[in-house]
Amino acid sequence: VSGLNALARAAGKLYFGTATDNTTPEFTDPTYLSILENYNQFGQLTPANAMKWMYIEPEAGVFNFTLGNQIADLTEEYGMVLRGHNGVWYEELPGWVTSTDWNATGLAYAVQRHVSGIVGHYAGRVYAWDVVNEPLNDNGTMREDLFYNALNTTYINIALEAARAADPNAKLYINDYNIEYVGTKSTAMQNLIKQLQSEGVPIDGVGMESHFIVGEVPTTLVENFQAYEALGLEFAITELDIRMELPATDELYEQQKQDYYTVVDACLQVSVCRGVTVWDWTDKYSWVPSTFAGYGDACPWDANYTRKPAYDGIAIAFEGQ
Ligand SMILES: OC[C@H]1CNC[C@@H](O)[C@@H]1O[C@@H]1O[C@H](CO)[C@@H](O[C@@H]2O[C@H](CO)[C@@H](O[C@@H]3O[C@H](CO)[C@@H](O)[C@H](O)[C@H]3O)[C@H](O)[C@H]2O)[C@H](O)[C@H]1O
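As named in an unreviewed UniProt entry, the protein chain is Beta-xylanase, taken from Rhodofomes roseus. The record held by UniProt for the protein chain lists under Subcellular location (unreviewed entry) the comment "Secreted". Database annotation for the protein chain, UniProt heading Sequence similarities (unreviewed entry): "Belongs to the glycosyl hydrolase 10 (cellulase F) family."

Take a look at the structure:
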């Protein structure tokens, strides 16, 4: 029986994959690993935390690739695609970054050194990098984090140029949420990309995080995706999960199945959609319950590693039924 990755590849996509997190017990869970370590099912991995700034450069100029290497090595062992996540993000930063009163020159150097360091270390092993993560507010304005406050949007230029120089073959993405559908934030992302392109800054793709709610999957996914295709970019579904208000019911599971079908089918309808990644595959280790009170059951497998109707929604979409 074909797994989701095998079906995705048969449908012309690069991969069906998952985030996985070796900063938590899941990486020592034999049942979790026995299902994960299967190329037929998962053809791509994204480190949920291991390659974030606080883990990679805990002290200024001091790099620690131990956790990142563990996931990179696993992808190679099973012939999977590796997505790098992430270069510059306002969260999960080490103290030396958040506690410094940065001037533009100092921060520009720190960003350049960090992105060069991590992208250079994994050069030739990463298909695509989320070089910049979540730069926008939902109203389309730039997120006023320490990077933007000190450097305006040039921190994005610096990060992308450093990444291109460190690994000319890696696809460079900007990753965000609530840009998956037609709206103010997606328009702002498209305008940011047009600005970068007009300035000759390297940008290859956009990451559509896709953290959705059951019964509320946007209806303008395809139209929105085509707008990025028109900009000459590729994109991917990078962090898919579809949470439900608990308690779960058979109706909610059926709706969730339909919702997963809708998202995967939208990716299939646009050729430059490279693949679909879920933000972990089992409810046992999902980030959702600890973030959204009263919500959960967001993943295709339940907490007992049993496939949910959602799994079938994904499979049926890839099978093109
Ligand atoms: O928030 C969901 C997505 C949204 N898009 C970007 C994407 O990167 C993000 O992923 C989530 O990003 C979150 C941070 O914002 C991660 O959550 C962090 O995950 C870290 C690693 O497990 C946690 O850090 C651990 O915390 C433990 C208890 O506080 C400490 O004992 C550990 O030392 C520390 O590593 C942080 O508290 C926790 O906040 C989630 O696992 C991760 O799934």
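K.L.:
Would you explain the packing of aromatic side chains in this entry?
P.N.:
Summed over the entire model, instances satisfying the criterion amount to 19 aromatic pairs. For the ring pair Trp 89 and Tyr 90, a centre distance of 5.8 Å and an interplane angle of 75° mean the geometry is edge-to-face. Classification of Trp 89 as buried rests on a relative accessible area of 9%. Overall, Tyr 90 belongs to the partly exposed group, its relative accessible area being 27%.

K.L.:
How should the site of the ligand be read in this particular structure?
P.N.:
The ligand sits among 17 residues. The nearest are Lys 52, His 85, Glu 91, Glu 239 and Trp 279. At a separation of 2.9 Å, an oxygen atom of the ligand approaches a polar side-chain atom of Thr 23. Asn 49 places a polar side-chain atom, nitrogen or oxygen, 2.9 Å from an oxygen atom of the ligand. If the ligand stood free it would expose 790 Å²; the protein chains cover 55% of that surface. Classifying every residue of the shell around the ligand gives four nonpolar, six polar and seven charged.

K.L.:
I tried to follow the packing of helix α11 (residues 250–268) against helix α13 (residues 309–318) on my own but got confused; where do I start?
P.N.:
To characterise two packed helices, one gives the angle between the axes of the helices and the distance between these axes. Relative to each other, α11 and α13 sit at 30°, their axes nearing to 7 Å. Accordingly, the angle class assigned to the pair α11 and α13 is roughly parallel. Both α11 and α13 take part in a crossing whose hand is right-handed. On the side of α11, the interface is formed by Tyr 253, Glu 254, Gln 256, Lys 257, Tyr 260, Tyr 261, Val 264, Asp 265 and Leu 268, while α13 contributes Pro 309, Ala 310, Asp 312, Gly 313, Ile 314, Ile 316, Ala 317 and Phe 318. Of the residues in the contact of α11 with α13, the class split is eleven nonpolar, two polar and four charged.

K.L.:
Quick question: what am I supposed to make of the pattern of salt bridges here?
P.N.:
Two side chains of opposite charge can pair, provided their charged atoms sit close to one another. Per the stated rule, a full pass over the model turns up ten salt bridges. Notably, a salt bridge pairs Asp 138 with Lys 185, separated by 2.8 Å at the nearest N-O pair. Of the two residues, Asp 138 is situated in the loop between β4 (128–133) and α7 (146–151) and Lys 185 in helix α9 (residues 184–198); the sequence distance between them amounts to 47 residues. Residue class for Asp 138 comes out partly exposed when judged on its relative accessible area of 45%. Among the ionic pairs, Arg 274 bridges to Glu 234, the shortest N-O distance being 3.1 Å. In this pair, Arg 274 sits in strand β9 (residues 273–278) while Glu 234 sits in strand β8 (residues 234–245), placing the two residues 40 residues apart along the sequence. Judged by relative accessible area, Arg 274 falls into the partly exposed class, the value being 27%. Note on Glu 234: relative accessible area 5%, which makes it buried. Among the charged side chains, a salt-bridge network with shared partners connects Asp 73, Glu 76 and Arg 125.

K.L.:
Before we go on, may I ask you to explain the state of the cysteines in this structure?
P.N.:
Simply put, the disulfide is a covalent bond whose two ends are the sulfur atoms of two cysteines. Evaluation of the coordinates by the stated rule reveals one disulfide. Between the sulfur atoms of Cys 267 and its disulfide mate Cys 273 the distance is 2.1 Å. Taking the sign of the S-S torsion, -100° for the link of Cys 267 and Cys 273, the bridge is left-handed. Looking at Cys 299, it has no disulfide partner, and the nearest cysteine sulfur is the one in Cys 267, 18 Å off. According to the relative accessible area criterion, Cys 299 is buried, its value standing at 0%.

Rules used in this analysis
- Residues numbered from 1 in each chain as written.
- Predicted model: local features only at pLDDT ≥ 70, side-chain atom pairs only at ≥ 80, totals over all residues.
- Heavy atoms only, no water.
- UniProt positions renumbered as here; feature names shortened; annotations may be inferred.
- Phe/Tyr/Trp six-rings, centres within 6.5 Å; stacked < 30°, edge-to-face > 60°.
- Buried < 20%, exposed > 50% of the residue type's maximum accessible area, 1.4 Å probe, protein only.
- Near = heavy atom within 4 Å.
- Polar contact = N/O pair within 3.5 Å; in protein donor to acceptor, adjacent residues only side chain to side chain.
- Areas by Shrake-Rupley, 256 points an atom, 1.4 Å probe, with all protein chains shown as cover.
- Nonpolar A, V, L, I, M, F, W, Y, C, P; charged D, E, K, R; others polar.
- Axes fitted to C-alpha atoms, helices over the stretch in contact; angles between N-to-C directions.
- Helix = DSSP H or I, 4+ residues; strand = E, 2+ residues; numbered from the N terminus.
- Parallel < 35°, antiparallel > 145°, perpendicular 65-115°, else oblique.
- Left-handed = near helix turned anticlockwise from the far one by under 90°.
- Contact = heavy atoms within 4.5 Å.
- Salt bridge = Lys/Arg side-chain N within 4 Å of Asp/Glu carboxyl O.
- Disulfide = S-S within 2.5 Å.

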